Amino acid sequence: MRHLVTMSKPRILSQFSTTNGTSKSTTFSFPLLFSFLLVLSHGSFTTAETVTVNIGAVIDADSRVGKEQKVAMEIAVENFNNTSTQHKLSLHFQAAYAEKQVQALLAATTWHQSALLADVSTRAQVPVLSLSAAAVTPPLAQLRWPFLVQLASNASHQVNCIASILKSYKWKRVIAIYEDDAYGGDSGMLSLLSEALQSSGTVIEHSLVFPPLSSVSNPDGFVRDEVAKLLVKKSRVFIVLQSSLSLATHLFREANGLGLVGRDSVWVVTESVSSFLDSVDTSVISTMQGALGIDQVYSESGGSFDKFRGKFKGVFRAEYPEEFSYEPGIHALRAYDSVYAIAHAIEKAGGSNRTQKVLLESILSSNFAGLSGEIRFDGGELILQRIPVFRIVNVIGKRYNELGFWSSDLGFREGNTSSYGSESMEAWSDSVHWPGKLRGVPKGWVMPTVATPFRIVIPGNSSFEKFVKVVWSDALGKGYSPPTGFCIDVFHAALSVLQRSYSLPYEFYPKNDTYEALVESVINKTYDAVVGDITILANRSKYVEFTQPFAESGLSMVVPAKPDESKAWMFMKPFTKEMWTVTFLVMVYTMVIVWFLEHQSNPEFRGPWKDQLSTALWFTFSSLFFAHREKIQSNYTKVVVVVWLFVVFVVTSSYTASLTSMLTVPRLQPTVTDIEWLRRSNATVGCDGDSFVKDYLRNVLLFENVIEVGNQENYPKKFKSGNITAAFLELPYEKVFLKEYCDEYTATGPVYRFGGFGFAFQKGSPIATDFSEAILTISENGDLKRLEERLFNQLTSCSNYNSTTTEVDSLSLQSFWGLYLTSGAISTLCFLFFLIRAIKKYCDSFRGNPGTMTPSRKGAWNRMARFVRFLRNGGIRSPARAPSIGRTQNLGARDSMKWELVSPSEISDDHLQGPRPPEIEIPTRSE
């Protein structure tokens, strides 16, 4: 036996709540436990028949959890001792360790207390079964604590369930509350929650951390002061991650007193609290009305559970009659399974000569179906045989309602259905009783009331008053009339849609400050929102919540305009250069095809080359005006001309319409068109000094001379005085400015796009989402368009101004290439058909004349030359009879004669009478 070695460790004072809300202190000495562990030998003794094994257990006997664990462990020991003939278990709690030698230890306290026990038990080589698990498994845990075995799984699945609930209702800001242990190590669940919320864009706005309540001298006052700090936070979604029942009792009582468990608030509690909803009295339940709770589902069916449950209720009622409920919870089931795992490991390890390592290996090889689920280990951690299923409950009345279930692989399942598959529990909303008896889903946000209206800051000195205008009643800027303008009208239109769902009392606060300062006042929560012509930018979106844009935004250059004096060549502008070129080529191609098809049979297209070319050219050009007079004879030519006339009709009509538009629409030319020229010449440009544009011009567009112009009326003055060469305005401002000065200024150059105009709210505000939906509604029903039209109708300086079309574009080939392709294809097909027919005729002219050399016997160049001469001389025309030259005397019958097709060039003029026939047949005498 080893000698006693005492180690100095701090005493841990744990305070837990009983059913009536009072607290007791349970003190157990870690020095005593550590000293005992270091003098362990085998922890067992042998009688003549059996081996008795001592097992130690660390519990909090004054808490509900500890009471359930104690009774469950005692039942497990009793059941084993009644069935085992070789081993008997002796269970010892707390300070009894100093008197007994234990072979294994059950740690039923917090994870960090279990880790402390594991540090010493590793040196003593005593297996420790922990009934709690780390939220996040520490790195190298198996190497650090080889004798530690965790009988509980980590909190990752539980945290994912909470994240899915928050995602279902689109709550974007939450407050996490948890009770830390004496060593400051229970923040693991907070890290898990933060990571799980990232996918849905939800963030933890604030975390409220409580020390162990046993270390606080005045729990009521301390909890009240800490909870009061939450009143200044906007979020009303509270997640109780880890809490003792004692802290939860104080927490909900104080939160109720401060009005934090009311309308539009949400409370979600984890298994550390919800597992006791069956065991607390109605005074605790009454403070938790409307809260949602989750706890892991375990099987309540089977003979083993029924026997355990019946025995547990009897023993628990006898030992703790003051408790409100006698039903066993998940903590009791795990405690029973822990004793069962050790007992059967002892049986498997054998007799009294076994070592602690053998016992550890036997525990790690456990594989049985326990009351809390399948028990198997890997690397000292419990292996989940199946993904946990969590029950979601809603505290209402004297107890709670079971809403449904959730698992990470199957999603949500409502309680009265039999199948999973929903990614959201929003469909359950009608079944949920929310805090404050709220109808509908809570916003999870501090909602305005008549007493505390929504504070909205607006620009008090907008450069363009058509968007936001504030008329101050005194020079000090204190009194003002109701603000007006396009942005204010959009706000009221969206608010009228929003108020169909709920009321939103508000107050405007005009401020003569920069737009960046207005946005900053929302970021620092001085105001709830800013309404006005606020441009949506990436760096602003990181800190505020923007609505959907209600006006497009972009940066455009405005410069003085001068009349377009280039009238001499106006007739060329309806078409682009490519369009003119292709039109000319198609006309020439059509001319060539028409000539080729007609000169064979049409006398008007024959004669000298000069006459043929001029006739074909005149015919094609005059067809542009439908003034051609030449008759066409070939059917192929008729097809080509019909298609060409259709092309001419479409092209000339388009040309006329485009030219008419260019001559009737006023055309102003900008004095400056190139931003690069402005940079090179170091020209001075102007902008609105109260916006981001000034920084954009300097940092992005790299202008050096940028001056602030101020309000809208100052721009013409700056231009006329020569102080600025160009001005850069956002698109909505540009439209208003050019509407009033359309005959003096024009927009030119590229447009640099931004996110548009929107309203900015505090980050995570659900009201921003509601306003976005309202803006989409007024956009879809036409209200937003009518507001825009009313804005421009108020500007009457330029009644003929059109903000969308200031110049008519030239017609390009892109609009006509299909028409030209069709014309060219049909012309080509007609040419090919004609050519094939000509070749056939040419070949037929040599048939039946053996004395004449056929084309196949001639050289290639000769054949080609004869074929061209054949075409040039009209060889494809219909043949005619030539006069009779002679008749063979030996033949008297007509059938003995043969006719030969020859080219007209081979017939002498003596044989021709009148006009030359197209083709001549010459009779020859048969040999």
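In this text the structure is predicted, and so the values were computed from the model without any measurement.

Colleague: Run through the packing of helix α2 (residues 64–83) against helix α11 (residues 303–319), naming residues and quoting values.
Modeller: Relative to each other, α2 and α11 sit at 125 degrees, their axes nearing to 10 Å. In terms of orientation, α2 lies oblique with respect to α11. Note that α2 runs across α11; the crossing there is right-handed. Residue-level inspection shows Arg64, Lys67, Glu68, Lys70, Val71, Ala72, Glu74, Ile75, Glu78 and Asn79 of α2 in contact with α11, the latter providing Phe308, Lys311, Phe312, Val315, Phe316 and Glu319. Tallied by class, residues from the contact of α2 with α11 come to 7 nonpolar, 1 polar and 8 charged.

Colleague: If you had to explain the sheet that holds strand β17 (residues 390–396) to someone new, which residues and values would you point to?
Modeller: Pairing within the open sheet is mixed, and its 8 strands lie in the order β10-β9-β11-β12-β13-β17-β18-β19. Strand pairing shows two members of the sheet lacking a second neighbour, β10 (203–210) and β19 (411–414), which therefore form its edges. Between one strand and the next, the sheet's axes are offset by a mean angle of 25 degrees, whatever the strand orientation. Sheet analysis places strand β18 (residues 399–407) next to β19, joined by 4 bridges and oriented antiparallel. Among the inter-strand pairings, glycine 404 is bridged to a residue of β19, identified as glutamate 414.

Colleague: Describe the pattern of salt bridges, with residues and values.
Modeller: Taken as a whole and judged by the stated rule, the model has 24 salt bridges. The partner of aspartate 220 in a salt bridge is arginine 253, and the shortest N-O contact between them spans 3.1 Å. In this pair, aspartate 220 is assigned in helix α7 (residues 219–228) and arginine 253 in helix α8 (residues 245–257), connecting sequence segments 33 residues apart. Overall, aspartate 220 belongs to the partly exposed group, its relative accessible area being 31%. Across the pair arginine 391 and aspartate 295 runs a salt bridge whose closest N-O atoms are separated by 2.9 Å. One end of the pair, arginine 391, is in strand β17; the other, aspartate 295, is in strand β13 (residues 292–296), with 96 residues separating them in the sequence. Relative accessible area serves as the criterion here: at 16%, arginine 391 is assigned to the buried category. Given a relative accessible area of 8%, aspartate 295 falls into the buried group. Residues participating in the shared-partner salt-bridge network are Arg64, Lys67, Glu68, Glu322 and Glu323.

Quick notes on the rules
- Residues numbered from 1 in each chain as written.
- Predicted model: local features only at pLDDT ≥ 70, side-chain atom pairs only at ≥ 80, totals over all residues.
- Heavy atoms only, no water.
- Axes fitted to C-alpha atoms, helices over the stretch in contact; angles between N-to-C directions.
- Helix = DSSP H or I, 4+ residues; strand = E, 2+ residues; numbered from the N terminus.
- Parallel < 35°, antiparallel > 145°, perpendicular 65-115°, else oblique.
- Left-handed = near helix turned anticlockwise from the far one by under 90°.
- Contact = heavy atoms within 4.5 Å.
- Nonpolar A, V, L, I, M, F, W, Y, C, P; charged D, E, K, R; others polar.
- Pairing = 2+ DSSP bridges.
- Salt bridge = Lys/Arg side-chain N within 4 Å of Asp/Glu carboxyl O.
- Buried < 20%, exposed > 50% of the residue type's maximum accessible area, 1.4 Å probe, protein only.

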